[in-house]
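The residues making up each chain are set out below.
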Amino acid sequence: MASSANLGQHLEDYVTDLVKNGRYNSRSEVLREGVRMIEDREKRLAALDLSIARGLADVEAGRVKPAKDVLARLVAKYENEEKDGNS
């Protein structure tokens, strides 16, 4: 299906320059690449939204630990790894 898009003068000029300079073979190639990038960004944003929702659900359900406890555990872990590695 053919599409038509009014990009405005600035973007029209930019697309024209990309094609003229050989970066892309056609206007369609430029636009397809742009839409693919938007699709990828939207997928990553959806994954981030899901992670945030899961985190908030964990907070609401009480499945959290104080940051100081987590930090103390990590510090002890890496101190032990350092000692084991230097022996």
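Above this note sits the structure.
The structure contained in this document is the topic of the report that follows. Only a predicted model underlies this, so the values are computations on that prediction, with no experimental measurement involved.

Reading guide: rules and limits
Residues numbered from 1 in each chain as written. Predicted model: local features only at pLDDT ≥ 70, side-chain atom pairs only at ≥ 80, totals over all residues. Heavy atoms only, no water. Helix = DSSP H or I, 4+ residues; strand = E, 2+ residues; numbered from the N terminus. Buried < 20%, exposed > 50% of the residue type's maximum accessible area, 1.4 Å probe, protein only. Lys, Arg positive; Asp, Glu negative; His and termini not counted. Charge placed at Lys NZ, Arg CZ, Asp CG, Glu CD. Patch = residues over 30% accessible without salt bridge, like charges linked within 9 Å, V, L, I, M, F, W, Y side chains within 5 Å. Areas by Shrake-Rupley, 256 points an atom, 1.4 Å probe, with all protein chains shown as cover. Salt bridge = Lys/Arg side-chain N within 4 Å of Asp/Glu carboxyl O. Expected span 1.5 Å × (residues − 1). Contact = heavy atoms within 4.5 Å. Polar contact = N/O pair within 3.5 Å; in protein donor to acceptor, adjacent residues only side chain to side chain.

A few words on the overall build of the chain. When its secondary structure is counted, the chain shows three helices and zero strands. For the chain, the sequential pattern of α-helices and β-strands runs α-α-α. The principal-axis extent of the C-alpha atoms belonging to the chain is close to 60 × 40 × 25 Å. For the chain, the proportion of its 87 residues judged to be buried stands at 5%. Between the centroid of the 15 positive side chains of the chain and the centroid of its 16 negative side chains there is a distance of 2 Å.

So, on to a nonpolar patch on the surface. Together, L45, L48, I52 and L56 give the surface a local cluster of nonpolar side chains, amounting to about 350 Å² of exposed area. Relative to the helices and strands, L45 is located in helix 2 (residues 27–60). For L45, a relative accessible area of 37% puts it in the partly exposed group.

This part is about helix 1 (residues 8–20). Helix length check: helix 1, at 13 residues, gives a terminal C-alpha distance of 18 Å against a target of 18 Å (1.5 Å per residue), a fit within 8%. Downstream of helix 1 by a residue or two, G22 has a phi angle that is positive, lying close to 85 degrees.

It is worth spelling out the pattern of salt bridges at this point. Scanning all chains against the criterion turns up eight salt bridges. Notably, a salt bridge pairs R27 with E12, separated by 3.0 Å at the nearest N-O pair. Of the two residues, R27 sits in helix 2 while E12 sits in helix 1, which places them 15 residues apart along the sequence. Owing to a relative accessible area of 36%, R27 belongs among the partly exposed residues under this scheme. In this structure, D17 engages K20 in a salt bridge whose closest nitrogen and oxygen atoms are separated by 4.0 Å. In this pair, D17 and K20 both sit in helix 1, three residues apart, roughly one turn of the helix. Judged by relative accessible area, which is 36%, D17 ranks as partly exposed. Its relative accessible area of 63% is what places K20 among the exposed residues.

Before going further, it helps to examine the environment of E12. Once the C-alpha coordinates of E12 and R27 are considered, the two residues, 15 residues apart in sequence, prove to be 9.3 Å apart. Those residues within four positions of E12 in sequence are excluded, and the remaining contacts are A5, L7 and R27. Among the polar contacts listed, one links the side chain of E12 to the side chain of R27, at a separation of 3.0 Å.

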